There are 2 protein chains.
Amino acid sequence: MKKSNMLIAQSGGPSMVINQSLVGAVLAARDNPAVGKIYGALHGIQGILDETLIDLRKESRKTLEAVANTPSSALGSVRRKPTAEDCQAIFRVLRKLEIRYFFYIGGNDSAETVHIINEEAVREDYGIGCFHIPKTIDNDLRESDHTPGFGSAARFVACAVRGDDLDNRALGGVKIDVIMGRNAGFLTAAAALARQDPDDGPHLVYLPERPFSIEGFVKDVKAAVKKYRRCVVAVSEGIADKDGTPIIAKFTQEADSHGNVQLSGTGALGDLLATVVKEQAGIKRVRADTFGYLQRSFPGIASATDAMEARLVGVAAVQAAVCDEVSSGSIAIKRRPTKKYAVDFEVVPLRRVAKETRHMPDEFINKAGNNVTQAFLDYARPLVGELPPCARFAQLRD
Amino acid sequence: MKKSNMLIAQSGGPSMVINQSLVGAVLAARDNPAVGKIYGALHGIQGILDETLIDLRKESRKTLEAVANTPSSALGSVRRKPTAEDCQAIFRVLRKLEIRYFFYIGGNDSAETVHIINEEAVREDYGIGCFHIPKTIDNDLRESDHTPGFGSAARFVACAVRGDDLDNRALGGVKIDVIMGRNAGFLTAAAALARQDPDDGPHLVYLPERPFSIEGFVKDVKAAVKKYRRCVVAVSEGIADKDGTPIIAKFTQEADSHGNVQLSGTGALGDLLATVVKEQAGIKRVRADTFGYLQRSFPGIASATDAMEARLVGVAAVQAAVCDEVSSGSIAIKRRPTKKYAVDFEVVPLRRVAKETRHMPDEFINKAGNNVTQAFLDYARPLVGELPPCARFAQLRD
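Reading the values: the criteria
- Residues numbered from 1 in each chain as written.
- Chains lettered and ligands numbered in written order.
- Predicted model: local features only at pLDDT ≥ 70, side-chain atom pairs only at ≥ 80, totals over all residues.
- Least-squares fit on C-alpha atoms with pLDDT ≥ 70 in both.
- Contact = placed C-beta atoms within 7 Å.
- Pairing = 2+ DSSP bridges.
- Helix = DSSP H or I, 4+ residues; strand = E, 2+ residues; numbered from the N terminus.
- Axes fitted to C-alpha atoms, helices over the stretch in contact; angles between N-to-C directions.
- pLDDT = per-residue confidence, 0-100.
- Domains from an automatic or database assignment.
- Parallel < 35°, antiparallel > 145°, perpendicular 65-115°, else oblique.
- Left-handed = near helix turned anticlockwise from the far one by under 90°.
- Expected span 1.5 Å × (residues − 1).
- Buried ≥ 20, exposed ≤ 12 C-beta atoms within 10 Å, placed from the backbone.

1. Considerations on the relation of the copies chain B and chain A
Alright, step 1. For these two chains of identical sequence, chain B goes onto chain A by a turn of 180° and a shift of 0.0 Å along the axis, with RMSD 0.0 Å. On this basis, the relationship between the two copies can be described by a two-fold rotation axis. By C-alpha distance to the rotation axis, the residue of chain B lying nearest is Gly267(B), at 2.1 Å.
Alright, step 2. Mapped onto chain A, 100% of the interface residues of chain B are again interface residues, and the two copies thus contact each other with one and the same surface.

Rendered as structure tokens:
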């Protein structure tokens, strides 16, 4: 039996569990007699173009397991959309190395990359299984109930807001927490999992799925301060006005090669909103924190469910490509309609996942567009797991 | 035997373990037959002035233990320096309630508050034991080897930077992490505990103890990028120029009643430094995160050593006041000069802790003023504990 070589790489923004998917795929492949060499390309397609590869059969199982539990992308990542010439160059390398299985772990931009490479492979009649392994903290891939990486980032956000809400209780005023999520509000919405008591924050949640107006925001904050004598706000970095212009876009110009404006790695949106509350709501103590990259890379707090599922999507991709000889696809997570949480993994066509994203469904957002519903909390809780409990004095819980 | 009433309150910025000190003091007092009523004043001295008090004998042991493991100040906090009239008003309440033991948990500003109240008590010949119980994530109290709250905040910072450094490895460029610490660099320095391999970040560490110049910073970053092909920077929010003017002070005006300028709750410093690196070092991908309030309030990751010591300073204060009948003081943590980490708790005069702060000693800072020394790492490691291990592929660790 002739063995077929495999290549795997990681792309896009890292997550706390993307290495689980990598290690899941590598260990499944190592155990399969049909697989020959297992290359890891460094920094995504850049590593294929540059032929900077490592031999993933050389790493010990102990190292692989340790890497699986380590946040960020162990092979390095890249934000690069391949051109037609890139694809031709990639094929020259893949042919030379006799790669017959190509796995690319990432979000919708990465699925698009796999899709382009797969179409080029079909056009050139080069037989290669092309698979996208899903990863995104934004939870915005189509076809999936949720995506690996989301549960852990959501857990970070929920923990952070739970602690931050207690901090706000102690010192008062208005606190604004800016959370990642370009087009989808899932991660920001996860802040609501922080709540234990009815008067716990976040008291307001603003998502990119609803138009954001400064006037409405100031009005909401004033009402919350009147009710709770303080206010914690969770707001997505991707909030946009009614014309779809991101609020932050007025303050920054940088864009990547996929045309995405830089939203993260700056405190500008939080500072803008804090200034607005100070000036227009007349509140003195207003603070803003931008959670930034910690949301996707904090070690030691990954959701156990998320880590396990991330491992299993890697395994599922190898099984589909090598055992089932499916020619291409993306692994989707489907939730069973059972009371007890359970999922299945399915292969779906690449084009259905590539490029386009999904958003928070209407039933997850309240009518006023400034909070989440119980349906969202029920959806998200099993993905995030139990949070560290926080307690207050019985005499103060009125 | 006549029982004497006690009052306890929390002040200043919250920490992850300040409730350990509260619960340590309350449980020690509840077990002592000399103590009568145990009042908790809400929001520090404000709660005494307003007579907003709760009865801490009413809370169950189970609730107290749960509160002890909860971040932030369970009684609420305040940033208010009492005036002479405030002190007179406080005495009227203390006398009315027959308070004979007063405990105030907080930093150097809080020690100053206790000191003022104690001097007023002496002047008015009102017999009351006045004790300061130390707390500050800044680790800047005089007389102590380190302060309760620091170890846990340092643990958050070290974990965050360890993950963030892996994120920077994956996508490259320059990452700037802005860390709390008004005048003392201990917490920023703790970022260096993130390192496992020699080429791990943070590659540069800027502390308020050394003058910061934009020119030197740009030069340092360029050199680090040349050496590591990427760069992670840990910088204190309190960095100041050679004249002592905080870099951030040029961008914000807000000050509290102790005359402190607001440094936290804004991303301005990080954004400023990121812009400088982009423009003056010609590096395209530059990101900045400001860790903000998460450093002091994140649930579930407190250092075990810090939590235990925070509990014990609360116990020690009650023992000094009630059992040993010391009239006033602050509890200091002294490290034994033994190889194995161990500490003792001592009562020191309030005036030695009040108002003034301490800074990083020279032997903790490298000659160039842009990094910490091994001596600092040896000092800080036992306070923070083992961090979640992060692993890289053996082939990439060269």
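2. Section: the sheet that holds strand β9 (residues 286-290) of chain B
Residue and element names in this part refer to chain B.
Alright, step 1. Strands sit in the order β7-β8-β6-β9 across an open sheet of four strands; the sheet is parallel. Looking at the sheet topology across the chains shown, the edges are occupied by β7 (204-206) and β9. For this sheet the average axis-to-axis angle between neighbouring strands, irrespective of direction, equals 15°.
Alright, step 2. As judged from the three bridges shared by β7 and strand β8 (residues 231-236), these two strands associate in the parallel manner. Bridging from a neighbouring strand, Tyr206 pairs with Val235 of β8.
Alright, step 3. Relative to strand β6 (residues 174-179), helix α6 (residues 150-171) is tilted by about 170°, and along the sheet it contacts β6 and β8.
Alright, step 4. The sheet contacts of helix α9 (residues 268-281) involve β6, β8 and β9, and relative to β9 the element is tilted by about 165°.

3. Focus: the confidence of the model for chain A
Alright, step 1. For chain A, per-residue confidence averages 93 on the pLDDT scale, and residues scoring 70 or more make up 95% of the total.
Alright, step 2. In the model output, the complex is listed with pTM 0.96 alongside ipTM 0.95.

4. Some remarks on the domain arrangement of chain A
Residue and element names in this part refer to chain A.
Alright, step 1. You can read the domains of chain A as domain 1 (4-148 + 301-353) and domain 2 (154-300 + 359-388).
Alright, step 2. The gap between the C-alpha centroids of domain 1 and domain 2 is 31 Å.
Alright, step 3. At the junction of the two partners, domain 1 supplies 22 residues and domain 2 supplies 23 residues.
Alright, step 4. Of the residues forming the side of domain 1 that touches domain 2, the biggest block, three residues, is contributed by helix α11 (residues 304-323).

5. Things to note about the packing of helix α8 (residues 214-228) of chain A against helix α9 (residues 268-281) of chain A
All names here are of chain A.
Alright, step 1. Contact geometry of α8 with α9 gives a least axis separation of 10 Å together with a crossing angle of 70°. If you check the angle between α8 and α9, you find them roughly perpendicular. Considering the relative orientation of α8 and α9, their crossing is right-handed. Contacts from Ile214, Val218, Val221 and Lys222 in α8 reach Val276, Val277, Gln280 and Ala281 in α9.

6. So, the sheet that holds strand β4 (residues 99-106) of chain A
Residues and elements named next belong to chain A.
Alright, step 1. Taken in spatial order, the seven strands make up an open sheet running β3-β2-β1-β4-β5-β10-β11, and their pairing is mixed. The open sheet has two edge strands with one neighbour each: β3 (53-55) and β11 (343-348). Taken pair by pair, the neighbouring strands of this sheet meet at an average axis angle of 25°, ignoring direction.
Alright, step 2. Bridge count for strand β2 (residues 35-41) against β3 is three bridges, and the pairing is antiparallel. Looking across to β3, one finds that Gly40 is bridged to Ile54.
Alright, step 3. The strands touched by helix α1 (residues 18-30) are β1 (4-10), β2, β4 and β5 (129-134); relative to β1, the strand with the most contacts, the crossing angle is about 175°.

7. Considerations on α1(A)
Residues and elements named next belong to chain A.
Alright, step 1. Over its 13 residues, α1 extends 19 Å from the first C-alpha to the last, a length consistent with the 18 Å expected when each residue adds 1.5 Å.
Alright, step 2. Judged by how many residues are buried, α1 sits mostly within the fold: 12 of 13 residues are covered.
Alright, step 3. For α1, the full list of buried residues reads Ile18, Asn19, Gln20, Ser21, Leu22, Val23, Gly24, Ala25, Val26, Leu27, Ala28 and Ala29.

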